[in-house]
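# Structure assessment
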Amino acid sequence: MPAFVAALALGGLLAVVAAAPALAVGYRYWSFWDGGSGGQWTYATQGPSARPADGSVRGFRFAVSQDEAARAAQPRTGADFAAVCGATAPVEGRKRVALVLDFGLPADAPAGEAPPQDAPRTACAQVAPDATTAEALAEVAKPLRYNGAALLCAISGYPKQGCGDQVAGGSAQPSAQSPAPAAADAESGGGPSAGLLAGVAAVAALAAAAFWQSRRRTR
């Protein structure tokens, strides 16, 4: 009988672990991208406080990342400085920064909202040589919204509310990807979900009760 109880407990534990993906959450947020050679995107290691060089391309994509182990979708157009800033004449004492703003898909929009446009928007910001990405954004994509932790929440007023919110069963995009934002990682802690731990504890408690009951019957 004890062997049966142990097998039952193990089976229950495996069932809880197998169900863990269903407990995953996502994060709805703007991700940041650096444009490279060949129009490729690389997930940015710095946020809006970075100071891009003249001729840089910066991309932003609003989407839902499945969880901290999943990745965020890239902007849906290439990083092409000439295509964005080619018609903007250089000015002495100023730098040009190409910006690609991808408002994402309707499926990723917060409840009651929709992306302001379907296709990505591009803009050429001409700013001071020491200007940050945030200042370049402010030149061409107001209003911007930040939270108390300086996380960029909205570009051109989208979305109207929320900032890096958790989304149950998030719809991650099947494209080149990157980690969820630091604010979201801090909330999740990068460890097992509370639901998973609670499930394991419940299975352990049931197994202990069954084992105790079997011992009483054998006496």
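We now turn to the structure provided with this report. (Residues numbered from 1 in each chain as written. Predicted model: local features only at pLDDT ≥ 70, side-chain atom pairs only at ≥ 80, totals over all residues. Heavy atoms only, no water.)

### Re the packing of aromatic side chains
Summed over all chains, the structure comprises six aromatic pairs. Measuring from centroid to centroid gives 5.5 Å for tryptophan 30 and phenylalanine 62, while their planes differ by 55°, and the two rings are tilted. Note that tryptophan 30 is positioned in strand β1 (residues 25-35) and phenylalanine 62 in strand β3 (residues 56-65), a separation of 32 residues in sequence. Its relative accessible area of 2% is what places phenylalanine 62 among the buried residues. (Phe/Tyr/Trp six-rings, centres within 6.5 Å; stacked < 30°, edge-to-face > 60°. Helix = DSSP H or I, 4+ residues; strand = E, 2+ residues; numbered from the N terminus. Buried < 20%, exposed > 50% of the residue type's maximum accessible area, 1.4 Å probe, protein only.)

### Brief notes about the pattern of salt bridges
Tallied over the entire structure, the rule returns three salt bridges. Here arginine 61 and aspartate 102 are joined by a salt bridge, their closest N and O atoms 3.8 Å apart. Taken together, the positions of arginine 61 in strand β3 and aspartate 102 in strand β4 (residues 95-102) put the pair 41 residues apart, joining distant regions of the chain. Residue arginine 76 is joined to aspartate 102 by a salt bridge in which the shortest nitrogen-to-oxygen separation is 2.8 Å. A residue pair is termed long-range when its members are at least 10 positions apart, and arginine 76 in the loop between β3 and α2 (81-85) and aspartate 102 in strand β4 qualify at 26 residues. The exposure class of arginine 76 is partly exposed, given its relative accessible area of 38%. Beyond isolated ion pairs, a larger network of salt bridges with shared partners links Arg61, Arg76 and Asp102. (Salt bridge = Lys/Arg side-chain N within 4 Å of Asp/Glu carboxyl O.)

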